[in-house]
Amino acid sequence: MDEIMYLAPEIVLVATGLVVLMAGVFLSPRSKNVLGYLATLGILAALVLTVRSFGLLTMGEFSVGYSIFSETLSIDALSQFFKLVFLTVALIVSIASIKYTENSDHTEEFYTLVLFATFGMMIVSSANDLIVLFCAFELASLATYALAGYEKQNARSLEGAMKYFVIGSVSGALMLFGISFVYGATGTTSIPTIAANSALLTQNPIGLVAVVLLIAGFGFKMALVPFHMWAPDTYQGSPSVVSALLAAGSKKMGFVAAFRIFIVALAALQPDWQFAFTILAVVTMTFGNVVAVAQTSVKRMLAYSSLAQAGYIAMAFAVMTPVALTGGIMYALAHAFMKAGAFIAAAAVVWMVASERTGNLDIPDHLDSFRGLGKRMPLAALSMTIFVFALAGIPPTAGFMAKFVLFSSTIQAGMTWLAVIAILNSALSLFYYARLVKYMYFLPPEGKKVSIPFPYAAALLVAVAGVLAMGLWPEPFVELAMKAAMVLV
Amino acid sequence: MLPVASLLILVPLIFAVVTFFTKTKDQAAGLGFLGSLATLGLTLYAYLNFDSSTAAMQFYESVKWIPFLGVNYSVGIDGISMPLILLNAIVIPFMILFSWKEDREAPNRFYGLILTMQAAVIGVFVALDFVVFYIFWELTLVPLFFIVNIWGGEKRAHASYKFFIYTHVASLVMLLGIFGLFYASLNQTGVATFDIRELVTQFQFFESGLMKDGIFLAILFGFLAKLPTFPFHSWLPDAYSEAPTAGSVLFILLKIGGYGLFRISLPMLPNTGNPDLMIMMLGLLGSFSIVYGALLALRQKDLKRMIAYSSLSHMGYVILGSAGFVALSVSGAMFQQFSHGLIMSVLFMSAGAIQTSTGTRIINNLGGLAKKMPMLTVVMMVGFMASLGLPGLTGFVAEFLVLTFTFTNLPGFVLLALLAIVITAGYHLWAMQRAMFGVYNEKLGDVKDINSLQVFSMAVIALLVLYFGLNPSPVLDMMIKNSEAIVSLAAVLGV
């Protein structure tokens, strides 16, 4: 009975999801707005519970971990840190969605899917067994497939969802295939047992095959080049709030799963996957930044910048020192705030274009819609500016602190060449981020001043608070990330 | 005693925030002026309580910030930073007075950004922790980018992006050097710290000469690109000339590259793997910049571009004096930074005034302006004479110190630099003669002289150029102790 208490945040989340789903049946369409507040409250409660459990876990110098349910789930600093990331993203998304789902007929399904997707991500971060990991991975994926295609009348949304679904299924199959090879070689799906019997994998070429398949499978979720094809279309086509969930939350699920599988389970094969991840990191960040420069759709630009950011985080696998892992984990949180916030700001602009019925209705997130945003929606423009400067790594923001720790680790490990590539990329990214700022502040507005809907404003403020808090007072975040990294080394 | 160092950052920053919310031009300029005046007051307070007879850090404050990484918020003022803070504090109020009457969009943002810039620049000067230093260093980019990009000339987009990305890359390379310094010291001592003076001291104990050179060059690159010097100067002419007058003056006051050179690079220099080579490199870059900048200035058609290139030439003296590496040549280099800030402010204000009055900056399209703009001509003349190094004005003091005391160590480079003196005199006088004297160009129509606020602000700075030219010791004394401290380290090591 005690064991189940460790899952209190997840239980609260699922219960909220079920209540929302049932309540939606009985509520009149008008009063369905209340569901959004309900879901937000549920997420908030789960967030508080996770923070509390984190406090219990990390008392004293070293983090403590618990294995529960016959060692299939582990509750440790790493899992709780990533749960924090997912719940923060879910919180921002659900607050903003109160406006987005205002006139929708399917409010209850939307929130239930968001809650279940978050639940899946949280279980992935705790998974200590490959089968549990796979099931939770699929739960989160299925929920997000549906969310991506939420706008049934919108061809772009459907196209994005379709691509996401097809490529996602194939990569899910690859992942399962990889898992089966690991199982075939070691005879177990338990991550600690695999790690203990690593000789079986290193002596057998099957181990290498498994690594290749697993990198392909997780690379899809992490959106590493060349497994990224779906990302730009899906991020652009999906409703912006869902893009925020995908880019800021679902992507981190790929990372936490990869942390557990590669660094813990397949530690013996480190030379093989470390080399692969080094190349993937460099290619991904460079490709993402170069292509982002040419984009005129802001959401698409954010999608490519998201690729680049994934490349930075993947540097943690390439460097593999405690500092690098701390930096990578910190970056995951920083990226959650920055990217979720940026997509919500885009959501506010899309809403503005749609409600005015002027401008580029086909691509409402076109750069032109951001003209003079500083005058039209000052709050959205200011927060977007903070987010893009944070993404570019300008102090004093979360992005700077995370990059500071991550990039410094490459120097410590003697991989100066990687630091140079990362830094050149950082500089390149500044070009397209600064261009967006230019559109918002320097070009004359093409419309009247619009008052931003309260839910968008609230979600933006939450994200801005996170970005600035991490930038100005990084100590607690660094400490938590370091404890999470200690689980891996 | 007041925590002056922190207040010097906070006061302009608070005024900046308030200025952003003003509605009219007069309110914005008024508040901006008030903010810069308050900063000037604080600076004078610091100056009067400053002890010039020591190289020690004064007004020191330190608070723990990120203990995990050994990052502290520590600030202080010494003889390297005090003159530069003084320079910023003196010029900015007059710069605001100068541009008060100009019409522009969104004056609240304009003056707000100017004050933000002032806070960031002073932040760099007082920071004693690498993280704090780097944060303010990067922060100086943002207001300048906006100032050029919003209120600049025709090619402002190109100029602002070039400046932003160019110097951002350089800062990132510098950041790599800082990381190297941090980790090398961490491995050496086991203590995580970002304290600038501590790390600079630790530098001499590092074992690998190659690593020392790498760290030194990476950090130096950041400073040289900001200064700027040949061959990292290509952002300078565009940015300086496309910026609005106040922006050009802000660029001139952005003395953080030279400051970093004195604060961080020079104390490290004697301990690098190959100090002689580094000195030769600096001497070569310095003297070449002097000549190259002067030659380029000679053939510019645009008055503002000419001044921009002359700035490149003058910055060469800062590097040459540093390479001289004796107390007085280093003091001369520091004094050059101070003097150059004052002189160039006058020159850019003159160029700005000419453009506003006549609508052009092309030297050949001007002519005989002295008849129509007598007031401007007088102050501009002081600026030009100081810039070409006329004795009695600040430019002479700085160049004299640099050339005389560098000669013992690097005679070849000094001789090369001496060549440029002729060219420098040439382009200044030639430009002055074509633009201001001779027959009045009737095509310009009826040109009005500058307004009284502009005369006043330019005259005050011009008088300071004269005053510190005749009596440099109030500023120079502060620098000498610190230059001695920098150089004495080298004397111990027998360089």
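Residues numbered from 1 in each chain as written. Chains lettered and ligands numbered in written order. Predicted model: local features only at pLDDT ≥ 70, side-chain atom pairs only at ≥ 80, totals over all residues.

When helices and strands are tallied, chain B shows 21 helices and two strands. Considered along the principal axes of its C-alpha atoms, chain B spans approximately 70 × 55 × 40 Å. The buried share of chain B, taken over its 495 residues, is 62%. Pairs at least 24 apart in sequence give 80% of the contacts found in chain B among residues at least 6 apart. (Helix = DSSP H or I, 4+ residues; strand = E, 2+ residues; numbered from the N terminus. Buried ≥ 20, exposed ≤ 12 C-beta atoms within 10 Å, placed from the backbone. Contact = placed C-beta atoms within 7 Å.)

In terms of helices and strands, chain A carries 21 helices and two strands. Here chain A has a C-alpha radius of gyration of 21 Å; the compact-globule value for 489 residues is 23 Å, and the two agree. Projected onto its principal axes, the C-alpha positions of chain A cover 65 × 55 × 45 Å. Pairs at least 24 apart in sequence give 79% of the contacts found in chain A among residues at least 6 apart. (Rg over C-alpha atoms; globule rule 2.2 N^0.38 Å.)

Residue and element names in this part refer to chain B. Where strand S1 (residues 58-66) meets strand S2 (residues 71-77), six bridges bridge the pair, whose relative direction is antiparallel. Within S2, the residue paired with Ile 66 across the bridge is Val 71. The antiparallel pairing of S1 with S2 creates a hairpin that spans four residues between the two strands, and Gly 70 there sits at a positive phi of about 70°. (Pairing = 2+ DSSP bridges.)

Here we take up helix H5 (residues 130-139) of chain B. Residue and element names in this part refer to chain B. Taken across its 10 residues, H5 has nine buried, putting it largely inside the fold. If you check which residues of H5 are buried, you get Phe 130, Val 131, Val 132, Phe 133, Tyr 134, Ile 135, Phe 136, Trp 137 and Glu 138. Of the surrounding secondary structure, the elements contacted by the buried residues of H5 are S2, helix H4 (107-126), helix H6 (141-151), helix H7 (156-189), helix H8 (196-202) and helix H12 (256-268).

Further remarks concern the interface of chain B and chain A. The interface of chain B with chain A comprises 19 residues on the first partner and 19 residues on the second. If you list the elements that add at least two residues to the side of chain B that touches chain A, you get H5, H6 and H7 of chain B. For the side of chain B that touches chain A, the element with the most residues is H7 of chain B, which contributes 11 residues. Looking at the side of chain B that touches chain A, its residues break down into 15 nonpolar, three polar and one charged. (Nonpolar A, V, L, I, M, F, W, Y, C, P; charged D, E, K, R; others polar.)

All names here are of chain B. Structurally, Ile 77 is set in strand S2. Note: C-alpha distance between Ile 77 and Val 475 (398 residues apart in sequence) is 14 Å. Beyond its immediate sequence surroundings of up to four residues, Ile 77 is in contact with Ala 5, Ala 46, Gln 58, Phe 59, Met 82, Ile 85 and Val 126.

Residue and element names in this part refer to chain B. Running from amino to carboxyl end, H7 crosses helix H10 (residues 235-242) at an angle of 130°, the nearest separation of the two axes being 9 Å. Classified by the interaxial angle, the pair formed by H7 and H10 is oblique. By crossing handedness, the relation of H7 to H10 is classed as left-handed. Residues Arg 156, His 158, Ala 159, Lys 162, Phe 163, Tyr 166 and Thr 167 of H7 pack against Trp 235, Asp 238, Ala 239 and Glu 242 of H10. (Axes fitted to C-alpha atoms, helices over the stretch in contact; angles between N-to-C directions. Parallel < 35°, antiparallel > 145°, perpendicular 65-115°, else oblique. Left-handed = near helix turned anticlockwise from the far one by under 90°.)

All names here are of chain B. Helix H19 (residues 411-436) packs onto helix H14 (residues 303-324) with a crossing angle of 160° between their chain directions and a minimal axis gap of 11 Å. As summarised for this structure, H14 and H19 are arranged roughly antiparallel, according to the angle between their axes. Where H14 crosses over H19, the handedness of that crossing is left-handed. Of the residues in H19, those in contact with Leu 303, Met 306, Ser 313 and Leu 320 of H14 are Phe 413, Ala 417, Ala 420, Thr 424, Tyr 427, Ala 431 and Ala 435. Here the residues of the contact of H14 with H19 are counted per class, giving nine nonpolar, two polar and no charged.

Now for the nonpolar core. Membership of the largest hydrophobic core comes to 401 residues, with the highest contact counts inside it found for Met 315 and Ile 344 of chain A. Those residues in contact with Met 315 of chain A that sit more than four places away from it in its chain are Ala 281, Ala 324, Gly 328, Leu 406, Thr 410, Leu 418 and Ala 422 of chain A. (Core = buried A, V, L, I, M, F, W, Y, C linked by C-beta atoms within 7 Å.)

A few words now on unusual backbone geometry. Across the junction of Leu 227 of chain B and Pro 228 of chain B, the peptide omega takes the value -10°, indicating a cis bond. By the secondary structure assignment, Pro 228 of chain B is in the loop between helix H9 (209-226) and H10. The omega angle of the peptide bond from Phe 230 of chain B to Pro 231 of chain B is 0°, so this bond is cis rather than trans. Checked against the element boundaries, Pro 231 of chain B lands in the loop between H9 and H10. Non-glycine residue Phe 69 of chain A carries a positive phi angle of around 55°. Positionally, Phe 69 of chain A belongs in the loop between strand S1 (66-68) and strand S2 (73-75). Look at Phe 69 of chain A and you get partly exposed, because 15 C-beta atoms sit within 10 Å. Of note in this structure, Glu 71 of chain A is not a glycine but carries a positive phi near 60°. Within the secondary structure, Glu 71 of chain A sits in the loop between S1 and S2. We classify Glu 71 of chain A as partly exposed; it has 13 C-beta atoms within 10 Å.

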